[in-house]
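Residue-level structural notes
Next come the chains, spelled out residue by residue.
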Amino acid sequence: MIAKTREIENTRRLTNSLPTIRYVDPDYTYYAVTNARCNSGEVFVKPGDYVKVAQQIGLRKGPFFEQPIHSSVSGTVEGIVKKFHRNGRLVEFIKVKNDKEYIFVETAKERTPEEISKLTREDFVQITKDMALVGLGGSSFPTYIKFQTTDPIDTIVINAVECEPYISADHRLIMEYPFRIYKGIEYAIQAFNAKRAVICIKSKYHDLYDCLTSAKLRFPDLNVEVKKVGNYYPQGWEIECIKSGIGIEVPAGVLPAKLGVMVFNVSTIVGLYKAIRYNIPVLKRNFTITGDGIMYPSNYRVRIGTSLQELIEKSGGYKGDENKVLIMGGPMMGANLVRDDAVITKTCTSCIILNEHKEVEEPCVRCGSCVYSCPAGLQPVSIMQAVKNNDKDALKNKLNIRACILCGMCSYTCTSKIHLTDYCRKAKKMAL
Ligand code: SF4
Ligand code: SF4
């Protein structure tokens, strides 16, 4: 366990002090027609059509909401192709050839400070809906729904913990764009008429603390605290972040808004800044590519829709053994890719590329490590048994599988190297 902890400590050092490389001129970009939350979609363009930056080119449709699809470049539509989504599934993407002129659609227009000061909560709902802003930490939850709450919000919590190993995309975002973060917070405070905001960062990252507290000097009237929280995983889980950041315990099944708290990931708050100030969707994002299987681990500022293969090439290509494990997202909660033919969508934080070290699963020794480590207080070993026995009733009614956040801790701590989180994923589907 100690060795594992040290390994994790070192993984982020591969990239967190390297300046972000701007890679914003890909020859082609790709936009998913469907995703995990929207299982169908409509395409508004056809091959040969000319599109502009921030133009809506389609609409994803899900059971509860719809999401506009925007182009992040200007250029010509080539057609529909199949590529891998960040969830590891092969889906249809709209392919656009980038003319590198970056001609913006007419609706992308800067609002003056006076115009922004007059925006109402309803305006925030409409703008974030039109701009398809979602949780950029990976949750992809639509931001406009957060603005629709009728609960009074007292405190905005900015989750800048980025607790998964290896990833430093948000770390670099904070170091390089603190002004945008504070402006986004200012807008969120205005929308909710909140009293204060608290930015939560891991206590060991002194560079982030110094950067954020220095930048705060430019916003003397903004009631924002930079709060150092724990260095452990899953400190970035919303419930843990609220508890450590502002001392409120959110009971299971209760929305933080009911307790006067609204949480935004730090990347989302930058997306909010862009949507409100410039009326544009998320066109670029920070992305980490790292691991022992890539030549030069790096952080990139990439245009949404960039191909992962281009970034692998840009990072010097693969290193080491022929067999690789590719994880889109963090190693604890990310999805495995079977091929590198994937696309960076707005909710992709990273790709971890590892040389494959095969670990053979052994029988359960009833050590209880998985139970002790579960932040949701579940019994992963019993969940595994219920899945094996196809016991849907136990999963639903006794083992509370809905409370599982798929954090990966049970797999990580399992003495017998059992992939317990895979069982939890199956269990969630079985209990639907
Ligand atoms: S993935 Fe495992 S450790 Fe994490 S919440 Fe679910 S059962 Fe608990
Ligand atoms: S950690 Fe692994 S070996 Fe220990 S009880 Fe859980 S499943 Fe069994």
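Please read these numbers as outputs of a predicted model, since none were measured by experiment.

1. Some points on the overall build of the protein chain
Secondary structure assignment for the protein chain yields 15 helices and 17 strands. For 432 residues, the compact-globule estimate of 2.2 N^0.38 gives 22 Å, and the C-alpha radius of gyration of the protein chain, at 21 Å, lies within 12% of that figure. Of all 432 residues assigned to the protein chain, the portion counted as buried reaches 47%.

2. Considerations on helix H7 (residues 206–216)
Of all the residues in H7, the buried ones are Leu208, Cys211 and Leu212. Down the axis of H7, the buried side of the element spans an arc of 90°, and every buried residue falls inside it. In H7, the exposed positions that point more than 90 degrees away from the buried face belong to His206, Asp210 and Ser214. Those residues of H7 that are buried lie in contact with helix H5 (169–176), helix H6 (178–192), strand S10 (196–202) and strand S11 (224–229).

3. Looking at the sheet that holds strand S3 (residues 40–43)
One key point about sheets: their strands pair by backbone hydrogen bonds, in either a parallel or an antiparallel sense. The strand order S3-S5-S6 describes an open sheet built from 3 strands, whose pairing is antiparallel. Each edge of the open sheet carries a strand with a single partner, namely S3 and strand S6 (66–70). Recorded for the sheet is a direction-independent mean angle of 25° between the axes of neighbouring strands. Of the pairings in the sheet, the one linking strand S5 (residues 56–61) to S6 comprises 5 bridges and is antiparallel in character. When the bridges of S6 are listed, Lys61 appears paired with Glu66.

4. Examining the environment of Lys52
One can find Lys52 in the loop between strand S4 (50–51) and S5. Between the C-alpha atom of Lys52 and that of Cys410, which follows or precedes it by 358 residues, the distance is 46 Å. Apart from the residues lying within four places of it in its own chain, the contact partners of Lys52 are Ser74, Ile103, Phe104 and Val105.

5. As for the nonpolar core
Core analysis: the biggest nonpolar cluster contains 116 residues, and Ile158, Cys200, Ile269 and Ile383 have the highest contact counts within it. Sequence-distant contacts of Ile269, that is, excluding residues within four places in its chain, are made with Ile158, Ile181, Gly184, Ile185, Ala188 and Phe264.

6. Quick notes on the packing of H5 against helix H9 (residues 266–278)
Direction vectors running N to C along H5 and H9 enclose 45°, while the axes themselves pass 10 Å from each other. As the angle between them shows, H5 and H9 are arranged oblique. Together, Asp170, Leu173 and Ile174 of H5 and Val266, Ser267 and Val270 of H9 make up the contact between the two elements. Across the contact of H5 with H9, the residue classes tally to 4 nonpolar, 1 polar and 1 charged.

7. Digging into H9
Helix length check: H9 (13 residues) gives 18 Å between terminal C-alpha atoms against 18 Å at 1.5 Å per residue, within 8%. In terms of burial, H9 is largely enclosed, as 11 of its 13 residues are buried. Of the residues flanking the end of H9, it is Asn279, one or two places downstream, whose phi is positive at about 55°.

8. With respect to the domain arrangement of the protein chain
Once the domains are mapped, the protein chain shows domain 1 (2–106 + 283–355), domain 2 (113–278) and domain 3 (369–430). In this structure, domain 1 and domain 3 have C-alpha centres spaced 30 Å apart.

9. A word on the site of ligand 1
In the vicinity of ligand 1, 15 residues are found, and the nearest of them are Cys374, Cys404, Cys407, Met409 and Cys410. Of all the secondary structure elements, the ones that give two or more residues to the shell around ligand 1 are helix H14 (409–413) and helix H15 (420–430). Grouping the amino acids of the shell around ligand 1 by side-chain chemistry returns 13 nonpolar, 2 polar and no charged.

10. Details of the sheet that holds strand S13 (residues 284–290)
Read from one edge of the open sheet, 6 strands run S1-S14-S13-S17-S15-S16, paired in mixed fashion. The sheet terminates laterally at strand S1 (21–23) and strand S16 (335–337), the two strands that pair on one side only. Neighbour to neighbour, the strand axes of the sheet diverge by 25° on average, direction disregarded. Strand direction decides the pairing type here: S13 and strand S14 (residues 298–303), joined by 6 bridges, are antiparallel. When the sheet's bridge partners are listed, Arg285 is paired in S14 with Val302. Each of S13, S14 and strand S17 (350–355) touches H5; the most contacted strand, S13, lies at about 130° to it.

11. Quick notes on the packing of H5 against H7
The description of two packed helices rests on the angle between their axes and on the distance between the axes. At a minimum axis separation of 9 Å, H5 and H7 run at an interaxial angle of 35°. Once H5 is placed against H7, the crossing between them reads as left-handed. Across from His171, Ile174 and Met175 in H5, the residues of H7 making contact are Asp207, Leu208, Cys211 and Leu212. Taken together, the residues that form the contact of H5 with H7 break down as 5 nonpolar, 1 polar and 1 charged.

12. Points about the pairing of strand S8 (residues 90–98)
The two faces of a sheet get side chains in turn, since along a regular strand they alternate between them. Examined bridge by bridge, strand S2 (residues 28–32) and S8 share 5 bridges and lie antiparallel to one another. When the sheet's bridge partners are listed, Thr29 is paired in S8 with Val96. Where strand S7 (residues 75–84) and S8 come together, 9 bridges link them in antiparallel fashion. Its bridge partner being in S8, Ile80 is matched across the sheet by Ile94. Hairpin remark: S7 followed by S8, antiparallel, with 5 residues in the connecting loop; positive phi at Gly88, about 90°.

13. Side note on unusual backbone geometry
Residues other than glycine predominantly adopt negative phi, and peptide bonds predominantly adopt the trans conformation. With an omega of 5°, the peptide bond running from Tyr233 to Pro234 counts as cis. With respect to the helices and strands, Pro234 occurs in the loop between S11 and helix H8 (238–246). A positive phi is found at Ala132, a non-glycine position, where the angle reads about 55°. Relative to the elements of secondary structure, Ala132 occurs in the loop between helix H3 (121–130) and helix H4 (143–147). When the 22 C-beta atoms within 10 Å are taken as the criterion, Ala132 is described as buried.

Parameters and conventions
- Residues numbered from 1 in each chain as written.
- Chains lettered and ligands numbered in written order.
- Predicted model: local features only at pLDDT ≥ 70, side-chain atom pairs only at ≥ 80, totals over all residues.
- Helix = DSSP H or I, 4+ residues; strand = E, 2+ residues; numbered from the N terminus.
- Rg over C-alpha atoms; globule rule 2.2 N^0.38 Å.
- Buried ≥ 20, exposed ≤ 12 C-beta atoms within 10 Å, placed from the backbone.
- Arc of directions from axis to C-beta.
- Contact = placed C-beta atoms within 7 Å.
- Pairing = 2+ DSSP bridges.
- Axes fitted to C-alpha atoms, helices over the stretch in contact; angles between N-to-C directions.
- Core = buried A, V, L, I, M, F, W, Y, C linked by C-beta atoms within 7 Å.
- Parallel < 35°, antiparallel > 145°, perpendicular 65-115°, else oblique.
- Nonpolar A, V, L, I, M, F, W, Y, C, P; charged D, E, K, R; others polar.
- Expected span 1.5 Å × (residues − 1).
- Domains from an automatic or database assignment.
- Near = placed C-beta within 6 Å.
- Left-handed = near helix turned anticlockwise from the far one by under 90°.

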